[in-house]
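Listed here are the chains, written in short residue letters.
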Amino acid sequence: MAYSDKVRALYQDQLKAIQDAGIFKMERYIHSPQAADIDVEFPAGSSLKKVINMCANNYLGLSSHPDVVKAAHEGLDSRGYGMSSVRFICGTQDIHRELEDRLTKFLGTEATILFPSCMDANAGVFEAVLTKDDVMISDRLVHASLIDGIRLCSAMHDTFKHSDMAHLESKLQLHADKRLKLVITDGVFSMDGDTAKLDEMVALCEKYEALLLVDDSHSSGFIGKTGRGTHEKCGVMGKIDLITTTFGKALGGASGGCVSGRKELVEMCRQRARPYLFSNTIAPVVVAGVLKVLDILSLTTERRDKLEKNAAYWRKGLTEAGFVLREGDTPIVPVMLFNAKLSQDFSRALYDEGVYAIGFFFPVVPQGQARIRTQISAAHEIHHLDKALEAFTKVGGKFNILGKTKQEIIDMYGM
Ligand SMILES: *Cc1c(COP(=O)(O)O)cnc(C)c1O
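Basis of the calculations
By convention here, each chain's residues receive numbers from 1 onward along its written sequence. Predicted model: local features are reported for residues with pLDDT of at least 70 only, side-chain atom pairs are reported and counted for 80 or more only, and whole-chain, interface and lining totals are derived from all residues. Hydrogen atoms and water are omitted, and side-chain values are computed over all heavy atoms in the structure. A pair of strands is labelled paired if DSSP reports no fewer than 2 bridges between them. Under the DSSP-based scheme used, a helix requires at least four consecutive residues in state H or I and a strand at least two consecutive residues in state E, with every element numbered from the N terminus. Handedness rule for crossovers: strands pointing away from the viewer, path from the first strand over the helix to the second running clockwise, crossover right-handed. Accessibility here uses a 1.4 Å probe with only protein chains present; expressed as a share of the type maximum, an area under 20% marks a residue as buried, one over 50% as exposed, and anything in between as partly exposed. The arc in question is traced by the directions running from the helix axis to the C-beta atoms. The contact criterion used throughout is that any non-hydrogen atoms of two residues lie within 4.5 Å. All axes are obtained by fitting lines to C-alpha atoms, using only the stretch in contact for helices, and the reported angles, taken between N-to-C directions, cover 0 to 180 degrees. Between N or O atoms, a polar contact is any pair within 3.5 Å; within protein, one atom must be a potential hydrogen donor and the other a potential acceptor, and residues adjacent in sequence are included only when both atoms are from side chains. Residues are said to line a cavity or pocket when one of their atoms sits within 4 Å of a point; the points come from a 1 Å grid over protein atoms alone, cavities being sets where a 1.4 Å probe fits but cannot get out and pockets being open sets with protein on both sides within 12 Å along at least five of seven lines. Grid points are joined across faces, edges and corners, and a volume is the space filled by probe spheres set on the points. Each residue gets one label: Ala, Val, Leu, Ile, Met, Phe, Trp, Tyr, Cys and Pro are nonpolar, Asp, Glu, Lys and Arg are charged, and the others, such as Gly, are polar.

Caption draft 1: Representation of the pairing of strand 6 (residues 156-160). Note that strand 5 (residues 135-139) and strand 6 share five bridges and pair parallel. Within strand 6, the position partnered with Asp139 by the bridge is Phe160. After leaving strand 5, the chain enters helix 6 (residues 144-151) and then returns to the sheet as strand 6, a path that is right-handed.

Caption draft 2: Seen up close, helix 6. Within helix 6 the residues assigned to the buried category are Ser145, Leu146, Gly149 and Ile150. Down the axis of helix 6, the buried set is contained in an arc of 140°. They therefore lie on one face.

Caption draft 3: The sheet that holds strand 13 (residues 359-360), seen in detail. Strand order in the open sheet formed by three strands is 11-14-13, with antiparallel pairing between adjacent strands. A single partner strand is all that each edge strand has here, and the edge strands are strand 11 (332-338) and strand 13. Direction of pairing for strand 13 relative to strand 14 (residues 370-375): antiparallel, over a ladder of two bridges. Following the sheet pairing, Phe360 is matched in strand 14 by Arg371. Packed onto the sheet, helix 14 (residues 340-352) meets strand 11, strand 13 and strand 14 and runs at close to 40° relative to strand 14.

Caption draft 4: Quick look at the side chain of Ser343. With respect to the helices, strands and loops of the structure, Ser343 is situated in helix 14. For Ser343, a relative accessible area of 0% puts it in the buried group. Only 2.6 Å separates the side chain of Ser343 from the backbone oxygen of Ala340, close enough to count as a polar contact. Contact partners of Ser343, with chain neighbours within four places excluded, come to Leu337, Gly359, Phe360, Phe361, Ala370, Arg371 and Ile372.

Caption draft 5: Highlighting the sheet that holds strand 2 (residues 37-41). Ordered by their spatial adjacency, four strands build an open sheet running 1-2-3-12, and the pairing between neighbours is mixed. The open sheet has two free edges, formed respectively by strand 1 (29-30) and strand 12 (355-356), since each of these has just one partner strand. Here strand 3 (residues 49-53) pairs with strand 12 via two bridges, running parallel. Its bridge partner being in strand 12, Asn53 is matched across the sheet by Tyr356. Relative to the sheet, helix 14 contacts strand 2, strand 3 and strand 12, its axis offset from that of strand 3 by approximately 120°.

Caption draft 6: Structural detail: empty space enclosed by the protein. If you walk through the whole model with that rule in mind, you get three cavities of 30 Å³ or more. Here the largest cavity is characterised by a volume of approximately 70 Å³. In this structure, the largest cavity is lined by Ala35, Ala36, Asn53, Cys55, Ala56, Asn58, Tyr59, Gln375, Ser377, Ala379 and His380. Partitioned by chemical class, the residues of the lining of the largest cavity number six nonpolar, five polar and no charged. What the second largest cavity holds in volume is close to 50 Å³. Around the second largest cavity, the lining residues are Arg87, Leu114, Phe115, Pro116, Pro275, Tyr276, Ser279, Asn280, Thr281 and Ile282. Of all the secondary-structure elements, those providing two or more residues to the lining of the second largest cavity are strand 4 (111-115) and helix 11 (274-277). Split into classes, the residues belonging to the lining of the second largest cavity amount to six nonpolar, three polar and one charged.

Okay, structure coming up:
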């Protein structure tokens, strides 16, 4: 069957249903580099508007940092634009090796392997190190890319309730007969901004002889005293068997990711992980940029310290304004709205007030838990945060949700 009118109509109906539900995702075109202030075309075709960006993963403000851009230029000049190869054929340069060694030092692990993205790292790691005789036990709120990687692996899969250590322990007991048990969690959970209880998880893994994998994409570079990640914050550096993380967030924000951990497990990824073996090597320009980011982070903790101060200021301001927030102490501050359409209308109204913050709803978050996920950056100055607080307060008043409880908001707008 060709792409007949009937087939076309089928998809048109599906798309219309998404539009009618008020949850059609519209991209906004940014005409400037990633920063606290961005020039945006939205809706498509309208003139540019300068808005404050409150939803980038640019935690450390390094995405457009002049030193990173300069290092990337130099990488481009000295190592070329592309490698036209995967790593094991002819896609490994000296700087790929250097970046792996630098990440190993930074994360406090034994070895590191680069991947085209953290999505790819998560897609490849499980099948590379586990077999059907093993079990994967994951937190129920782990990132979509971990779920996909788990699906691609022949080991058995089980879950435990979000951050529920008693439930995890019961699952470790239940699967005592397996060859290997691998516990899987996000370090900082991307949608809620809460931190995994890594100290307790390490203790449980030691007690039941299980391995532990932590996806630290929303932590690497800024969580912990020197920004090494959740394992630093929780006092368990050197005790995490596998860390996966991205360079697409705090670490310059371009692209790329890695698996870092026990050297035999990393070597298994090099031999077996399919996204590593069958997808192109990270471009030299990106490698050079990430190397510079690690230089900057090893000189001073100024940026992560500023980020921490900014996040506390923002959380306090929103709380005082009367919003329902998710508890936490990270730069991810979700403003809960519960209803999907409200999250879209709220986001649109914020935009009219000069603030760029996207509303999230199912399937990105569970049904009935729609929200505006705000993310703080070291690139924000207090005047950005004050202006954004003013906009949030104005829009919150307009929708009459300030000082209202979760139940009152749901009564007004539905789930
Ligand atoms: C963003 C994210 C990823 C994906 O990272 P990419 O490098 O963009 O593929 C993976 N895991 C978590 C927890 C993330 O937040």
